[in-house]
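Observations on the three-dimensional arrangement
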Amino acid sequence: KQEVTQIPAALSVPEGENLVLNCSFTDSAIYNLQWFRQDPGKGLTSLLLIQSSQREQTSGRLNASLDKSSGRSTLYIAASQPGDSATYLCAVSHLTEYGNKLVFGAGTILRVKS
Amino acid sequence: EPEVTQTPSHQVTQMGQEVILRCVPISNHLYFYWYRQILGQKVEFLVSFYNNEISEKSEIFDDQFSVERPDGSNFTLKIRSTKLEDSAMYFCASSVTTMTVYGYTFGSGTRLTVV
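Summary of the structure given here. Please read these numbers as outputs of a predicted model, since none were measured by experiment.

Cut-off values and rules
- Residues numbered from 1 in each chain as written.
- Chains lettered and ligands numbered in written order.
- Predicted model: local features only at pLDDT ≥ 70, side-chain atom pairs only at ≥ 80, totals over all residues.
- Heavy atoms only, no water.
- Contact = heavy atoms within 4.5 Å.
- Buried area = accessible area lost by both parts, 1.4 Å probe.
- Salt bridge = Lys/Arg side-chain N within 4 Å of Asp/Glu carboxyl O.
- Polar contact = N/O pair within 3.5 Å; in protein donor to acceptor, adjacent residues only side chain to side chain.
- Helix = DSSP H or I, 4+ residues; strand = E, 2+ residues; numbered from the N terminus.
- Nonpolar A, V, L, I, M, F, W, Y, C, P; charged D, E, K, R; others polar.
- Pairing = 2+ DSSP bridges.
- Axes fitted to C-alpha atoms, helices over the stretch in contact; angles between N-to-C directions.
- Core = buried A, V, L, I, M, F, W, Y, C linked by side-chain atoms within 4.5 Å.
- Buried < 20%, exposed > 50% of the residue type's maximum accessible area, 1.4 Å probe, protein only.
- Lys, Arg positive; Asp, Glu negative; His and termini not counted.

Note: interface size is frequently given as the accessible area lost on complex formation between the parts. On the chain B side, the residues contacting the 25 residues of chain A number 22 residues. In this assembly, chain A packs against chain B so that about 1,800 Å² is buried in total across both faces, 55% of it on carbon and sulfur atoms. In this structure, the connection of chain A to chain B is made through one salt bridge. The tally of links between chain A and chain B comes to five residue pairs in polar contact (both at pLDDT 80 or more). Per-element tally for the side of chain A that touches chain B: the top contributor is strand β10 (residues 99-104) of chain A, with five residues. Taken together, the residues of the side of chain A that touches chain B break down into 11 nonpolar, 11 polar and three charged.

Turning to the sheet that holds strand β3 (residues 19-24) of chain B, a few remarks are in order. Backbone hydrogen bonds hold the strands of a sheet together, and the pairing may be parallel or antiparallel. All names here are of chain B. Read across the open sheet, the four strands follow the order β1-β3-β8-β7; overall the sheet is antiparallel. Two strands bound the open sheet, and with one partner strand each, they are β1 (5-7) and β7 (65-68). Across the sheet, the axes of successive neighbouring strands diverge by a mean angle of 20°, strand direction being ignored. Sheet analysis places β3 next to strand β8 (residues 75-79), joined by five bridges and oriented antiparallel. From the neighbouring strand, Val 19 faces β8, where its bridge partner is Ile 79.

Time to look at the nonpolar core. Taken as a class, soluble globular proteins show a tendency for nonpolar side chains to be buried jointly. Membership of the largest hydrophobic core comes to 23 residues, with the highest contact counts inside it found for Leu 33, Trp 35 and Leu 75 of chain A. Mapped by element, the contributors of at least two residues to this core are β3 (19-25), β4 (32-38), β5 (44-51), β7 (62-67), β8 (72-77), β9 (86-96) and β11 (108-113) of chain A.

Residues and elements named next belong to chain B. Extensive coverage of strand β5 (residues 43-50) is indicated by the burial of six of its eight residues. In this sheet, β5 lies alongside strand β4 (residues 31-37) in antiparallel orientation, the contact comprising seven bridges. Among the inter-strand pairings, Gln 37 is bridged to a residue of β5, identified as Val 43. A loop of five residues connects β4 with β5, the two strands running antiparallel in sequence, and Gly 40 in this loop sits at a positive phi of about 85°. Here β5 runs beside strand β6 (residues 53-57); their pairing, made up of four bridges, is antiparallel. For Tyr 50, the partnering residue across the bridge sits in β6 and is Glu 53.

Before going further, it helps to spend a moment on the side chain of Asp 86 of chain B. All names here are of chain B. Tracing the backbone through its elements, the reader meets Asp 86 in the loop between β8 and β9 (88-95). Within the buried set, Asp 86 has no salt-bridge partner at all; the shortest N-O distance to an opposite charge, 4.2 Å, is to Arg 36. With near-sequence residues (within four places) excluded, Asp 86 lies in contact with Arg 36, Gln 64, Phe 65, Ile 79, Ser 81, Leu 112 and Val 114.

Let us look at the sheet that holds β8 of chain A. Residue and element names in this part refer to chain A. The sheet built from five strands is open, its strands ordered β1-β3-β8-β7-β6 with antiparallel pairing. What marks the edges here is a single partner per strand, and that holds for β1 (4-7) and β6 (56-59). Across the sheet, the mean angle from the axis of one strand to that of its neighbour is 15°, orientation sign disregarded. Sheet topology places β3 next to β8; six bridges connect them, and they run antiparallel.

So yeah, pure geometry; function would need other evidence.
This is the structure in structure tokens:
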């Protein structure tokens, strides 16, 4: 059974810092990995999607890497801003004959102080 | 940018009542999903739906739950007899195919409170 772990559980940094969020998964036979942002009481916004054959994806100040063999992904946020404060969720998918469901980590709560 | 729309945003219901949560997936998407998030816990998979039938469901998705695509645009989750532990945020999602090159698109969720 796939388990997804995110470290740290919470992170507080001053504005402008570069930071790294970590995600690990126990079953490396994933189809893809997706990073989401969740604001309090709100829905899930997709940030980056990495296919299992890819090593990284970039969008603006965000860079996500994937090391499938070791079961790890990192989300790098450059020059953090107070508006980046949110919960960041990592989710992996497996492709089966039945479909493609996501297994989520518990998230990292990020607070960027101005 | 296309969105997945969920209604209502918040629903309060009494224990034992039936509720229907509604979703309008992105129009060219073919696969539909329901997930839920109990306060303070992980987002959990409930069910996936394709070609007018359930393709996969979790252990959580027992006989009190059902899904339906009553017309060409709506996708609903029905909870027949709600329990206190059904209180959660329910998310609808859709994807173009199972080969989710573009990933999932999630709706903004329905917060269900059972009292």
